[in-house]
Amino acid sequence: MSGLPNMSAAFTAESLGLDSPAAMVQTDVLIIGAGLAGLSTALALPKSLNITVLSKAALEICSSHYAQGGIAASLDKEDSVADHIADTLIAGAGLCEANNTRRILSAGQQAVQWLCEQGVPFTQIPQEDNAKPFTKLQTADLHLTKEGGHGCRRVAHADDATGRHIMEALTIKAKNAANITISPYHEALSLLTNSANPNKQCQGAQVFDHNNQRQLTFYSHAVVLASGGMGQLFKRASAPNVCVGDGVMMAWQAGCRLANLEFIQFHPTGLAVADSSFLISEALRGEGGRLTCPQTGARFMLEIDERAELAPRDIVARAIAEQISNNGLGYVHLDVSHLPDQFLREHFPQIYQTLFNLGIDMTREPIPVAPTAHYSCGGVVTDANGVTDVTGLYAAGEVAYTGLHGANRLASNSLLECVVVGRNIAADLPRYLKALDNLDTVDVYDNLHLSATAIWTAPTLKDIQAIKLPSSPTILFNLSHCDDTDIITHDYAGKIVTELKVLMTSYMGITRNAESLEQTLIQILQWQQWLEKTRLNQSSMSTLDGTITANELTLFQLARQLQLATLVIQSAYQRYESRGGHYRQDYPYLASTPRTSVIAPLSKLREADKTGSKEGGIDWLLQPIIDNTEARVVNTVANI
Ligand SMILES: Cc1cc2nc3c(=O)[nH]c(=O)nc-3n(C[C@H](O)[C@H](O)[C@H](O)COP(=O)(O)OP(=O)(O)OC[C@H]3O[C@@H](n4cnc5c(N)ncnc54)[C@H](O)[C@@H]3O)c2cc1C
């Protein structure tokens, strides 16, 4: 890479304390995540850069691959960017960040055109002559659909499997690019930051290579987080199981602000069969599908909203959740059996077939459905170029918070955001790399930290004192039978994850209130204390050369999820209103001033800056924080 400091010369396996050079990988740019955000960035970066893209599991296991509907952009001659912005702001319920929203949506047409050039087989407007080859497509050739919240036809799609088609096209391109290495089954654990730089400087990541069961240190000049959302914190989620918010936690641990974590968008009708993440399209309700009570067969939406099953998503989702909490079954029924068989089979072939394979014939029997966590509107604070608070660290896609989605995402804006911000990063990052020439990197490796060093530190009750905890808390999932630290345990950690998901769904789901959020925090706290005891029996992960055992990895993942859950819950706790995707039973109304909640570990950041601390169990970035003297809601910004 020309014009850059030769930092790689400064990093040897020995200097990093690694057992062997094989455990260290050097690359110009490390991208964590191989979904649409990650691959868009990789493909748009200059070919002169050596790029490594990690994915935690197989490449097709990502939300991008599962996206059905399409990608929104102002492409029709009747449409305008101003109209797209207006619809987005309405959906965002007063919390869209105006500048970033304008910048991202204004780039919509170029983003879709770029996808066409990558060979995405978008559905075309029927033409008399033959269809064009995909790579010759212009956006004017594309067939557009209309989705909820959009004032006109604006959604480009590839049949009803847009995500799969986009990802297949980009994956082929990335695999064929000589400068891009894709590494599936490589799980990033922690970012490497260099505290010699006042803003810290991200220079790589520690990674677990699941193929070879070994820990690797990736050293890079810049890192892009593209690790997707956090839907899998919940029992039922449309996103695949790689989406547990790893990127959000890694960024937090490295010192980034997080925003609007409480805004989790729920889709009303996920298929409620075992662990299925399959969505039952709203179009079925659009065609006359009825939501019924499984025991009585009665339609319950009629009493709730005059639009019945076609009421807005959040209203339908809340009504279903209410039914489920009363019926104890975990689902309600969506009944389309009164519609003609042939119509259902022809118009909903994918849904019909998927259900049929599961033994449900939707032409004859009702479909069990339940709300499902679908989209994380908040995340790592970035601008429209994906720039985060940590130098050299970028973020794009569902892991990031650009403010585009506000309190509620407008359908199909998320794929667009992945491509636009990914391409913006690709334009900005080379400038950053050039500027590295001027940075003093002499003692860089002496100051390299694993941001997750202190992941194990359990918080004490004082860390959440700002939340009034009940004096005699009920522990829902009692650990007393498993308090022996000798019982370490993959299985037990798995059980906690399952229970965490149940709690998050029940208490941090579609409706929330202070009491149940407090209850959940106390429960999580108990789990964290158990973890702290447990990890004392484990060897340390806190050094760059540490070899991680299977147990340690499991416990590390669990600790990360528990910590993220506390941040999400505390963000919800502190929003004393109901807005967009956040509904508080104890604060059912909209506050008069729209505010974005941003959390940052302020005092801890200052403390670490002072001490340059690395030793002594630095827990400063890792505490679940709601003590006002610690990290707190630092910025409540009125928007638009
Ligand atoms: C069923 C479904 C349908 C949807 N339909 C639409 C739609 O029609 N239109 C629309 O705009 N949006 C839709 N969305 C939302 C949209 O698909 C996502 O927001 C978007 O694809 C997110 O892309 P991403 O690149 O940020 O993350 P993802 O595509 O989820 O990719 C995340 C990547 O990060 C990797 N990763 C995670 N953690 C780690 C780690 N620790 N180390 C290494 N790698 C890691 C994963 O392995 C994966 O490669 C839908 C979502 C779902 C689930």
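Treat the numbers as computed from the prediction; the structure is a model and nothing was measured. (Residues numbered from 1 in each chain as written. Predicted model: local features only at pLDDT ≥ 70, side-chain atom pairs only at ≥ 80, totals over all residues.)

### Notes on the overall build of the chain
In terms of helices and strands, the chain carries 17 helices and 20 strands. A total of 640 residues make up the chain; the buried ones form 52% of that total. Here the contacts in the chain between residues at least 6 apart in sequence split such that 74% fall between residues at least 24 apart. (Helix = DSSP H or I, 4+ residues; strand = E, 2+ residues; numbered from the N terminus. Buried ≥ 20, exposed ≤ 12 C-beta atoms within 10 Å, placed from the backbone. Contact = placed C-beta atoms within 7 Å.)

### Looking at the site of the ligand
Gly 33, Gly 35, Gly 69, Gly 228 and Gly 397 are the nearest of the 43 residues found near the ligand. Of all the secondary-structure elements, those providing two or more residues to the shell around the ligand are α2 (36-44), α3 (63-66), α7 (162-176), β7 (186-194) and α13 (413-435). In terms of residue count, the dominant contributor to the shell around the ligand is α13 (4 residues). Split by residue class, the shell around the ligand holds 21 nonpolar, 18 polar and 4 charged. (Near = placed C-beta within 6 Å. Nonpolar A, V, L, I, M, F, W, Y, C, P; charged D, E, K, R; others polar.)

### Focus: the nonpolar core
Formed by 167 residues in total, the largest nonpolar core has its most connected members in Leu 225 and Val 380. Broken down by element, the residue count for this core peaks at 12 residues, all from helix α16 (residues 550-573). When residues no more than four places from it in sequence are discounted, the contact partners of Leu 225 are Ile 32, Gly 33, Gly 247, Met 250, Ala 251, Val 380, Leu 393, Tyr 394, Ala 395 and Val 399. (Core = buried A, V, L, I, M, F, W, Y, C linked by C-beta atoms within 7 Å.)

### Comments concerning helix α6 (residues 108-117)
When we look at burial in α6, the residues that qualify are Gly 108, Ala 111, Val 112, Leu 115 and Cys 116. Down the axis of α6, the buried side of the element spans an arc of 145 degrees, and every buried residue falls inside it. For α6, the secondary structure elements touched by its buried residues are β3 (71-72), α4 (81-91), α5 (98-106), β5 (155-156), α7 and α13. (Arc of directions from axis to C-beta.)

### A short note on the environment of Gln 110
Mapped onto the secondary structure, Gln 110 falls in helix α6. Since 14 C-beta atoms lie within 10 Å of it, Gln 110 is described here as partly exposed. Separated by 35 residues in the primary sequence, Gln 110 and Leu 75 place their C-alpha atoms 9.9 Å from one another.

### Points about the sheet that holds β3
The 3 strands lie next to each other as β3-β5-β4, forming an open sheet whose pairing is antiparallel. If you trace the sheet from one side to the other, it starts and ends with β3 and β4 (144-145), each paired once. Relative to β5, β3 runs antiparallel, the two sharing 2 bridges. Counted as the bridge partner of Ala 72 is Val 155 from β5. (Pairing = 2+ DSSP bridges.)

### Brief notes about the sheet that holds strand β13 (residues 332-335)
Strand order across the open sheet formed by 4 strands is β11-β14-β13-β12, with antiparallel pairing between neighbours. Every interior strand has two partners, whereas the edge strands, β11 (264-271) and β12 (290-292), have only one. Neighbour-to-neighbour, the strand axes of the sheet open up by a mean angle of 45 degrees, direction not taken into account. Inspection of the sheet shows β13 paired to strand β14 (residues 367-376) by 3 bridges, in the antiparallel sense. Paired with Val 332 across the strands is Val 369, a residue of β14. (Axes fitted to C-alpha atoms, helices over the stretch in contact; angles between N-to-C directions.)

### Points about the environment of Cys 152
Summarising the element assignment, Cys 152 is placed in the loop between β4 and β5. Counting along the chain gives 73 residues from Cys 152 to Asp 79, while the straight-line C-alpha distance between them is 6.9 Å.

### A few points about the packing of α2 against α13
Between α2 and α13, whose axes approach to 8 Å, the crossing angle comes to 30 degrees. At the point where α2 passes α13, the crossing takes the right-handed sense. The segment α2 lies against α13, with Leu 36, Ala 37, Ser 40, Thr 41 and Ala 44 engaging Leu 415, Cys 418, Val 419, Val 421, Gly 422, Arg 423, Ile 425 and Ala 426. Residue classes in the contact of α2 with α13 are distributed as 9 nonpolar, 3 polar and 1 charged. (Left-handed = near helix turned anticlockwise from the far one by under 90°.)

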